[in-house]
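Fold and contact review
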Amino acid sequence: MFDRPIDLQKARILISNDDGINAPGLRLLEKVARSLCPEVWVVAPEQEQSGASHSLTLRRPLRIRQISKRRFAVDGTPTDCALLAIKFIMKDQRPTLVLSGINAGGNFGEDITYSGTVAAAMEGYLFGIPAIAFSQADKGWAHVDAAAHTARDIVERVLAAMSEHTTPWLLNVNIPNRDDAAALPRVITRLGRRHASEPVIRQTSPRGEAIYWIGPAGSAREAGEGTDFFAVAQGQVSITPLQVDLTEHAALPAWRRNLATAS
Ligand code: MN
């Protein structure tokens, strides 16, 4: 048959994150993946890279530190990690599935444009590989074991549904920090929207220079029914299918009328 299910014994899962190689959420996601598939590869940043977005390191070389069999740390961004994994470390056979996380803190609405967690998964997706980004709604790792159970159930289901010619997809999953997370309803959502971030904080360094901190993310502005914000506020696991095409398709005719010169 042309489109037969994938052979789990031959599947390879790649895991990365943006909280760094030693983050508890990464360790648990690794454990989850190993319980489902024999070949799990971890390629994660040496240092925390939260907010790194989909950035690549291009002005200095990268170093890969092998920690154990199929476990590597890279002194770069989450996107560097996914790219080095797919194009170099695993180049003999690319991953079947890319997982990122479990992140400490939610990735809702516009957060996904700043998120290193989503970026690592997005890099897999851009290489044509199905990918999932997992985040816990709140920072601090409370009930991360329960979040890992949720992640396991989702990964098990997607692996069972995948075929050898699966069209790539990208999912963004936010999990409430609750001990019953694995039993919570799962809903398919769209991205909500946040208010602009909180004010920039100006301070004076010990050497008398002005220094600035980016303020925290703003609260939810569009958090109505059907959004990722709403689902998690209702105690549900939010799953948002993402795409990378940022074209505003609906605006094409108006811009053609107003700005284009070719007929
Ligand atoms: Mn993070």
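Report on the accompanying structure. Everything quoted here is computed from the prediction, not taken from an experiment. (Residues numbered from 1 in each chain as written. Predicted model: local features only at pLDDT ≥ 70, side-chain atom pairs only at ≥ 80, totals over all residues. Heavy atoms only, no water.)

1. Some thoughts on the coordination of the manganese ion
- Protein coordination at the manganese ion comes from Asp18 (OD), Asp19 (OD), Ser50 (OG) and Asn103 (OD1), with a distance range of 2.1 to 2.3 Å.
- Read in sequence order, the donor residues coordinating the manganese ion give the pattern D-D-x30-S-x52-N. Here Ser50 lies in the loop between β2 (39-45) and β3 (64-68) and Asp18 lies in the loop between β1 (12-16) and α1 (24-34), a separation of 32 residues in the sequence.
- For Asp18, a relative accessible area of 3% puts it in the buried group.
- On the basis of relative accessible area, Ser50 is assigned to the partly exposed category, the value being 37%. (Donors = N, O, S within 2.8 Å, 3.2 Å for Na, K, Ca; no water. Helix = DSSP H or I, 4+ residues; strand = E, 2+ residues; numbered from the N terminus. Buried < 20%, exposed > 50% of the residue type's maximum accessible area, 1.4 Å probe, protein only.)

2. Considering the pairing of β2
- Taking burial as the measure, the seven residues of β2 include seven buried ones, the bulk of the element.
- As defined by bridge partners, β1 adjoins β2 across four bridges and the pair is classed as parallel. When the sheet's bridge partners are listed, Leu14 is paired in β2 with Trp41.
- Once you follow β1 into α1 and on to β2, the crossover reads as right-handed.
- As paired strands, β2 and strand β4 (residues 71-74) are joined by four bridges and run parallel to one another. Note that in β4 the partner of Val42 across the bridge is Arg71. (Pairing = 2+ DSSP bridges. Right-handed = clockwise from strand over helix to strand, strands pointing away.)

3. Brief notes about unusual backbone geometry
- Residue Ile102 is reached from Gly101 by a cis peptide bond, and omega for that bond is -5 degrees.
- Of note, Trp141 is a non-glycine position whose phi angle comes to about 70 degrees, a positive value.
- Note that Trp141 resides in the loop between β6 (131-136) and α5 (144-161).
- For His143, which is not glycine, the phi dihedral falls at a positive 60 degrees.
- Examined against the element boundaries, His143 turns out to sit in the loop between β6 and α5.
- Overall, His143 belongs to the partly exposed group, its relative accessible area being 37%.

4. Observations concerning the sheet that holds β2
- Across the sheet, nine strands lie side by side as β3-β4-β2-β1-β5-β6-β7-β13-β8; this open sheet has mixed pairing. One side of each edge strand has no neighbouring strand; the edge strands of this open sheet are β3 and β8 (186-188). For this sheet the average axis-to-axis angle between neighbouring strands, irrespective of direction, equals 20 degrees.
- Helix-sheet contacts for helix α2 (residues 78-89) involve β1, β2, β3 and β4, and the interaxial angle to β2 is about 140 degrees.
- Those strands touched by α5 are β1, β5 (97-104), β6, β7 (170-175), β8 and β13 (237-242), and its axis lies near 160 degrees from that of β6. (Axes fitted to C-alpha atoms, helices over the stretch in contact; angles between N-to-C directions. Contact = heavy atoms within 4.5 Å.)

5. Quick look at the packing of α1 against α5
- At a minimum axis distance of 9 Å, the contact between α1 and α5 shows a crossing angle of 35 degrees. Like other packed secondary-structure pairs, α1 and α5 cross with a definite hand, here right-handed. On α5, the residues that touch Gly25, Leu28, Leu29 and Val32 of α1 are Val144, Asp145, Ala148, Ala151 and Arg152.
- When the residues that make up the contact of α1 with α5 are grouped by side-chain class, the tally is six nonpolar, one polar and two charged. (Left-handed = near helix turned anticlockwise from the far one by under 90°. Nonpolar A, V, L, I, M, F, W, Y, C, P; charged D, E, K, R; others polar.)

The quantities given are spatial measurements derived from coordinates; they are silent on function.
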